[in-house]
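Chain by chain, the residues:
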Amino acid sequence: MTLFTDDHSEPPADRERVAPSRRVIVGWVAIGVAVVLALVLALVPAPFVIEQPGPVYNTLGTDQAVGSEPSGDAKQLITIPSQTTYPTSGSLDLLTVSVVGNPDQRPTWFDIISAWFDPSRAVQPIDAVFPPGTTTEQSNAANAALMVDSQQDAIAAALNELGYKFPQNVEVKQLIPNSPAAKVLKTGDEITSVNGTSVTSIAELRKAVSANGTGKAAELGIVRDGAASTVAITPEETQGQVVLGIGAGMDYKFPFDVNIQLNNVGGPSAGQMFALGIIDKLTPDKLNGGKKVAGTGTIDNAGTIGPIGGIRQKMFAARDTGGAGYFLAPASNCDEVTGHIPSGLHVFAVKTLADSLAVLKAVSDGASTSGLPTCPAS
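Not measured: the values here are computed from a predicted model.

Q: Just to check I follow, could you spell out the overall build of the protein for this structure?
A: Helix and strand content of the protein: 9 helices and 18 strands. Burial status across the protein gives 39% buried among its 378 residues. In the protein, 72% of the contacts between residues at least 6 apart in sequence involve partners at least 24 apart. Carbon and sulfur atoms make up 53% of the accessible area of the protein, which amounts to about 20,500 Å² in all.

Right, here's the structure in full:
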C-alpha cells in the first residue's frame, strides 16, 4: 500500500546543512570587533595624561586639604612667628591639578575617552606634561623647586605691598653653555642694572634686555663678591625672545621669617594666594570679609601676576571642593577661562596684586563688582 503526504522533505538525519545568513555572520563579526575594541580601550596605554581638579588648601588654615579627614598633626599653612598676626575667617584657597598618568604608567584609552566628555577634566599629550627624556622623579623635583621659589616671591610681594624695606636682588642662578653671558658672568653675580636702568625683578630684567634688542651690546651693572662693575653682553634671539643666556632668580633678605608649610604640592601657581594669605594675617581687617575666595597665578616680588596651567580644572575645584563663590584668575589666562566658567562662580581678571586686593575689598565691603575686570563668561 502506498501512502501519500504533502511533506516532501528528506528525513531529518539526511537533510542538507543550511549556511548561516549574511546577517548572522555580520553580527558575529561586529561582536568580535566590539570585544577587541573593548580590550584595547581597557588595556592598551594611551600617549596622553589626564588633568583633573586636585586638592584645595586654604592659605588661612592648615596644611590639610579642604574636605579631608581631620588629622592631629595638621599645621598652620602660613606662620609668622615674630610678628603680630590677626584673626582671619572665610578662605583664600589655593588650587591644584592632579595629573592621572606618567611615562611609567599611562592611562588607558577608556580613561581618555571618559575624560574627553567631562568638562572638569582635560586630556594632554604626555610629552606636553613630561618632556621626552624626563623621568617622573625629575619632573617632581623641578616642580618642587618652582614651589620653593614661588613661596619666596610671594613673601617678597606681600612685604613690598605692606611697605617693608629689605634687600631684593636679581641673581645669576645658571649659565647656559655657549650663550652670550657664559664667558662674562658667573653664577652668584648680582645684576643691578641694564643700560643704566635699575632692575629689581626678573620682569624688569627681561623688559630691559628685550628693549636693548640683538646686534648691540647691553651694559650690565653687576656685583661680584661685593665689588661693583659693568660688563658688556650682546643678547641673542632664542625662540622669539631676546635673551642673555642665563637662568636668573631672586635673592631676598627678609626682615623677619615667614614660614609656609605645604608638602607634596609643586609648581609656581600658588604664588598669588600665598601673598594674599600673608597680607591677611599681617593686617587687622579681614581681606575677604569672611567670604570664600579662591584663586591662582604666579607672582613676582613686584606683585605681577602671571599665567598658569590647568585653570579650568582649578575653577571646578574652587567651586566644588572649596565652595568658593569668587575666583581670582590671571588676566593672561582669560582665553582659557571664557566659555568654561562653572555656574555660580564669579571670575575676576587680575594682572597685579593690587588688582586682587581691589577685588577683595569690594567683596569684603559688599560693594558692587560690576566695574572690576572680569574674564567674559562666553
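Q: What exactly am I supposed to notice about the state of the cysteines here?
A: Disulfide: a covalent bond formed between the sulfur atoms of two cysteine residues. Applying the stated criterion across every chain yields a total of 1 disulfide. Linked covalently through their sulfurs, C334 and C375 form a disulfide whose S-S length is 2.0 Å. Between C334 and C375, the S-S torsion sits near -75°, and that sign places the bridge as left-handed. With a gap of 41 residues between them, C334 in helix α8 (residues 334–337) and C375 in the segment after α9 (353–365) connect regions that are remote in the sequence. The exposure classification of C334 matches that of C375, with both residues buried.

Q: Would you explain the sheet that holds strand β18 (residues 346–350) in this entry?
A: Hydrogen bonds between backbone groups are what pair the strands of a sheet, and the pairing can be parallel or antiparallel. Read across the sheet, 6 strands follow the order β4-β1-β3-β14-β17-β18 without closing on themselves; strand pairing throughout is mixed. Two strands in the sheet have a free side with no partner beyond their single neighbour: β4 (122–125) and β18. Adjacent strand axes in the sheet meet at a mean angle of 35° when their direction is disregarded. Relative to strand β17 (residues 326–330), strand β14 (residues 292–295) runs parallel, the two being bridged by 3 bridges. Within β17, the position partnered with G295 by the bridge is L328. The sheet strands contacting helix α7 (residues 311–320) are β1 (48–58), β3 (91–100), β4, β14, β17 and β18, and the helix crosses β1 at an angle near 40°.

Q: Explain the packing of aromatic side chains here, please?
A: One pass over the structure, following the stated rule, counts 5 aromatic pairs. Consider the rings of F166 and F254, whose centres lie 5.4 Å apart with planes at 55°: the pair is tilted. Of this pair, F166 sits in the loop between α4 (136–161) and β5 (168–175) while F254 sits in the loop between β12 (246–252) and β13 (259–260); the two residues are 88 residues apart in sequence, bridging distant segments of the chain. Grouping aromatic residues by their ring pairs yields a cluster made of F48, W109 and W116.

Q: What should I look at first to understand the nonpolar core in this one?
A: Most often, soluble globular proteins have nonpolar side chains that are buried together. Grouped together as the largest cluster of nonpolar side chains are 62 residues, with contacts concentrated most on L185, I191, L220, F274, L276 and I278. If we ignore the near neighbours within four places in the chain, the residues touching F274 are T59, L77, I78, L94, M147, S150, Q151, A154, I260 and L262. One finds L95, F327, L345 and V347 within the second-largest nonpolar core, a separate group that totals 17 residues.

Q: Honestly, the pattern of salt bridges in this entry has me stumped. Any pointers?
A: Side-chain pairs of opposite charge can arise whenever the charged atoms involved come near each other. Summed over all chains, the structure comprises 6 salt bridges. The partner of K173 in a salt bridge is E171, and the shortest N-O contact between them spans 3.2 Å. For E171, a relative accessible area of 19% puts it in the buried group. One salt bridge in this structure joins D189 and R224, with 2.7 Å as the shortest N-O distance. Of this pair, D189 sits in the loop between β5 and β6 (190–194) while R224 sits in strand β8 (residues 218–224), and the two are 35 residues apart along the sequence.

Q: Is there a simple way to think about α7 in this case?
A: Owing to its 3.6 residues per turn, the α-helix aligns residues three or four sequence positions apart on the same side. In terms of residue burial, α7 counts as a mostly covered element, since 7 of its 10 residues are buried. Considered for burial, the residues of α7 that qualify are I311, Q313, K314, M315, F316, A317 and A318.

Q: Looking at this model, I keep getting lost on the packing of helix α6 (residues 271–282) against α9. Mind explaining?
A: Each packed pair of helices is defined by two parameters, the angle between the axes and the distance between the axes. The geometry of α6 relative to α9 is characterised by a closest axis approach of 11 Å and an angle of 60° between their N-to-C directions. Between α6 and α9, the crossing angle belongs to the class labelled oblique. Of the two possible hands of crossing, α6 and α9 adopt the one that is right-handed. Of the residues in α9, those touching α6 at Q272, A275, L276 and I279 are L353, S356, L357 and L360. Of the residues assigned to the contact of α6 with α9, the class counts are 6 nonpolar, 2 polar and no charged.

Q: So what exactly am I meant to see when it comes to the side chain of S91 here?
A: Checked against the element boundaries, S91 lands in strand β3. Other than its neighbours up to four places away in sequence, S91 contacts N58, L60, N288, K291, K292 and V293.

Q: Explain unusual backbone geometry here, please?
A: Notably, N178 is not glycine yet its phi reads approximately 65°, a positive angle. As for its placement among the helices and strands, N178 is situated in the loop between β5 and β6. Of the residues examined, N178 reaches a relative accessible area of 80% and is grouped as exposed. Although it is not a glycine, N264 sits at a positive phi angle of roughly 60°. Within the secondary structure, N264 is located in the loop between β13 and α6.

Q: What exactly am I supposed to notice about α6 here?
A: Under the 1.5 Å per step criterion, the end-to-end length of α6 is 17 Å for 12 residues, consistent within 8% with the ideal 16 Å. Of all 12 residues in α6, 12 are buried; the element is thus mostly enclosed. By the burial criterion, the buried members of α6 are G271, Q272, M273, F274, A275, L276, G277, I278, I279, D280, K281 and L282.

About the criteria used
- Residues numbered from 1 in each chain as written.
- Predicted model: local features only at pLDDT ≥ 70, side-chain atom pairs only at ≥ 80, totals over all residues.
- Heavy atoms only, no water.
- Helix = DSSP H or I, 4+ residues; strand = E, 2+ residues; numbered from the N terminus.
- Buried < 20%, exposed > 50% of the residue type's maximum accessible area, 1.4 Å probe, protein only.
- Contact = heavy atoms within 4.5 Å.
- Areas by Shrake-Rupley, 256 points an atom, 1.4 Å probe, with all protein chains shown as cover.
- Disulfide = S-S within 2.5 Å.
- Pairing = 2+ DSSP bridges.
- Axes fitted to C-alpha atoms, helices over the stretch in contact; angles between N-to-C directions.
- Phe/Tyr/Trp six-rings, centres within 6.5 Å; stacked < 30°, edge-to-face > 60°.
- Core = buried A, V, L, I, M, F, W, Y, C linked by side-chain atoms within 4.5 Å.
- Salt bridge = Lys/Arg side-chain N within 4 Å of Asp/Glu carboxyl O.
- Parallel < 35°, antiparallel > 145°, perpendicular 65-115°, else oblique.
- Left-handed = near helix turned anticlockwise from the far one by under 90°.
- Nonpolar A, V, L, I, M, F, W, Y, C, P; charged D, E, K, R; others polar.
- Expected span 1.5 Å × (residues − 1).

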